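Chain and residue survey
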Amino acid sequence: MADATRDVVELQIPAKAEWVAVARLAVAAVANRLDFSVEDIEDIRLALAEACTSVIRHAGEGDPIRIRCEAGPDELSVTVGGGSSVRLQGDVRSEDGLGLIIIQSLMDTIEYRAEPSGIVLQMAKRVEKR
Amino acid sequence: MTPRNTDSGGPQQDDERWDRRRAREAFAKFSHARVALERGDADDGTHERLREELVVAHLNLVRFLAVKFANRGEALDDLIQVGTVGLLKAIDRFDLERGVEFTTYATPTIVGEIKRYFRDKGWAVKVPRRLQELNLSVNRAVERLTTKLGRSPTVTELSEHLGATQEDILEAQELGQAYNLLSLDTEVAGEGDKKAHTLADYVGQDDPGLEMLEDRANLERAFAVLSRRERIILFLRFYESVSQTEIAKRLNVSQMHVSRLQQKALEKLREVMQER
């Protein structure tokens, strides 16, 4: 999705809960560069934490979580993926039920899929016209 | 999505006492009672009792969700309360026939209610101010701790000193400036003939107790080294907020001279304070 109008910020953190705060800060800083309201930034931050928690649950010891922010002029898209040694069994979606619904209530769009390289959670929020 | 709340961080919705099967049964009975009421049957309180049971059974979901918004500076109890309003709405509107789990259905409603509460409280306006206040406190704490420790403090030390999270402190430093804010020097209208205050006057001190008293006592002692004129200038400038130009007029000297005298007086004070 190479797009000249979108700036890309990528971050990789260890799949450990104590690193999520770093990702929250970084993504909040990216969101702040768009014209998001404080409330939206706080929502994005919470959604990101939920996404990271989901991925951590599927990740093994030492796995990385990759976070990719694409900042368009009026939309922020965040992709959280990871768990190279993820063992997917059954319906992955059911495992992350509430977290995903929380993200759904905070962001405009959310996609969730299992890939050979791990699970990928893509979410986006548009800047509201004021 | 067909969520199951088996994740460790989730509310323990599916323990033995209240599993999904029981939730479905309870909702079936509840909707039965509602239909009976709508049909015009006498109200024996069953509907209300079942509703109550459903609320109690799902309070941990409300709590689980409210906690996620607790870092936004509003009391958790208030969030749980408005979240419970959302829960009630969800219970009344839930339709078993739709085939979704109640938690799936209720979560957006509860989150929506919590978010509405923040909007009603004008929260988005308060947050940047809170951050900027924290930003000022951080700057002050950095100075204080640097003097105390003889080195630059760590964020962990700052966080302990200020009772704020490390994330908040980092953000206050990074983003505190970035938000579009009123200047702290903006004058807030004074009452009647009282002089106007600036926003900065209303910003809380992080340790207003003993430390300030101590500083004040030290400062008073330090004042002894100043000349009478220097004392007058500092008094007018910092206690009475008189401008340098106005002081110059009163003392019948140039504003440049007042500026130099003030500078010198402050330097003297700083020296004395650092000796202690």
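This write-up is about the structure you can find in this document. Residue indices follow the written sequence of each chain, beginning from 1 at its first position. Both sets of labels track the order of writing: A upward for chains, 1 upward for ligands. Under the rules for a predicted model, residues below a pLDDT of 70 receive no local features and side-chain atom pairs below 80 are neither given nor counted, while totals for whole chains, interfaces and linings still include all residues. No hydrogens and no water enter the side-chain calculation; it runs on all heavy atoms of the structure.

Of the regular secondary structure elements, chain A holds four helices and five strands. Helical segments are the DSSP runs of H or I of at least four residues, strand segments are the runs of E of at least two, and each set is numbered from the N terminus. Put simply, chain A runs from its N terminus to its C terminus through helices and strands in the order β-α-α-β-β-α-α-β-β. Counting across all 130 residues of chain A, residues that qualify as buried make up 56%. Long-range pairs, those at least 24 residues apart, make up 65% of the contacts in chain A between residues at least 6 apart in sequence. Just so you have it, chain A exposes about 6,000 Å², and 48% of that area is on carbon and sulfur atoms. In this scheme, a residue with accessible area under 20% of its type's maximum is buried, one over 50% is exposed, and one in between is partly exposed, where area comes from a 1.4 Å probe on protein chains only. Pairs of residues are marked as contacts when any of their non-hydrogen atoms sit within 4.5 Å. Values of accessible area rely on a 1.4 Å probe in the Shrake-Rupley scheme; residue burial ignores everything except the protein chains shown.

Each helix and strand in chain B was counted, giving twelve helices and two strands. N-terminal to C-terminal, the α/β element order of chain B is α-α-α-α-α-α-α-β-β-α-α-α-α-α. Sequence-distant contacts, at least 24 apart, represent 58% of the contacts inside chain B between residues at least 6 apart. Accessible surface for chain B amounts to roughly 16,900 Å². Of this, 50% is attributable to carbon and sulfur atoms.

In this section: the packing of helix α2 (residues 46–67) of chain B against helix α3 (residues 76–93) of chain B. Residue and element names in this part refer to chain B. Orientation is described by axes fitted as lines to C-alpha atoms, over the contacting stretch for helices, and by angles from 0 to 180 degrees between their N-to-C directions. Axis separation between α2 and α3 bottoms out at 8 Å; the angle between their running directions is 130°. Between α2 and α3, the interaxial angle falls into the category oblique. Both α2 and α3 take part in a crossing whose hand is right-handed. Contacts between α2 and α3 pair Arg51, Leu54, Val55, His58, Leu59, Val62, Arg63, Ala66 and Val67 from the former with Leu76, Leu79, Ile80, Gly83, Thr84, Leu87, Leu88, Ile91 and Asp92 from the latter. Angles below 35 degrees are treated as roughly parallel, those above 145 as roughly antiparallel, those between 65 and 115 as roughly perpendicular, and all remaining angles as oblique. Take the far helix as the reference: if the near one is turned anticlockwise from it by less than a right angle, the crossing is left-handed, and if turned clockwise, right-handed.

Residues and elements named next belong to chain A. You can see glutamate 75 is positioned in strand β3 (residues 75–82). A C-alpha to C-alpha distance of 4.2 Å links glutamate 75 and arginine 126, two positions 51 residues apart in sequence. Glutamate 75 has contacts with Arg6, Leu34, Glu70, Ala124, Lys125, Arg126 and Val127, leaving out every residue within four places of it along the chain. The definition of a polar contact used here is a pair of N or O atoms within 3.5 Å, where within protein one atom must be able to donate a hydrogen and the other to accept one, and adjacent residues in sequence count solely through side-chain atom pairs. At a separation of 2.5 Å, a polar atom in the side chain of glutamate 75 contacts the side chain of arginine 6.

A word on the packing of aromatic side chains. Residues and elements named next belong to chain B. Aromatic pairing here means that ring centres of Phe, Tyr or Trp (its six-membered ring) are within 6.5 Å. Orientation follows from the plane angle: under 30 degrees is stacked, over 60 is edge-to-face, and everything else is tilted. Enumeration over the complete set of coordinates arrives at six aromatic pairs over all chains. Ring geometry for phenylalanine 94 against phenylalanine 102: centres 5.1 Å apart, planes inclined by 75°, an arrangement best described as edge-to-face. Judged by relative accessible area, phenylalanine 102 falls into the buried class, the value being 4%. Each member of the aromatic cluster is reached from another via a ring pair, and the members are Phe27, Phe94, Phe102 and Tyr105.

Next up on the list: the pairing of β3 of chain A. Residue and element names in this part refer to chain A. In terms of residue burial, β3 counts as a mostly covered element, since eight of its eight residues are buried. Taking every second residue as pointing to the same face, both faces of β3 are buried, with Glu75, Ser77, Thr79 and Gly81 on one and Leu76, Val78, Val80 and Gly82 on the other. The pairing of strand β2 (residues 64–71) with β3 spans seven bridges and is classified as antiparallel. Following the sheet pairing, isoleucine 67 is matched in β3 by valine 80. Counted between consecutive antiparallel strands, the loop separating β2 from β3 contains three residues. The pairing of β3 with strand β5 (residues 118–126) spans eight bridges and is antiparallel. Opposite serine 77, over in β5, you have alanine 124 as the bridge partner. For two strands to be treated as a pair, DSSP must find at least two bridges joining them.

Core analysis: the largest hydrophobic core is formed by 71 residues, its most contacted members being Leu48, Ile67, Leu76, Val78, Val80 and Met123 of chain A together with Phe102 of chain B. In terms of residues, this core owes the most to one element, helix α2 (residues 38–58) of chain A, which gives ten residues. Ignoring anything within four residues of it in the chain, the contact list for leucine 48 of chain A reads Ala23, Arg24, Val27, Ile67, Val78, Val80 and Met123 of chain A. Among the nonpolar cores identified, the runner-up in size contains ten residues, and Leu134, Ala164, Ile169 and Ala172 of chain B belong to it. Throughout, nonpolar core names a set of buried Ala, Val, Leu, Ile, Met, Phe, Trp, Tyr and Cys residues whose side chains join them through atoms within 4.5 Å.

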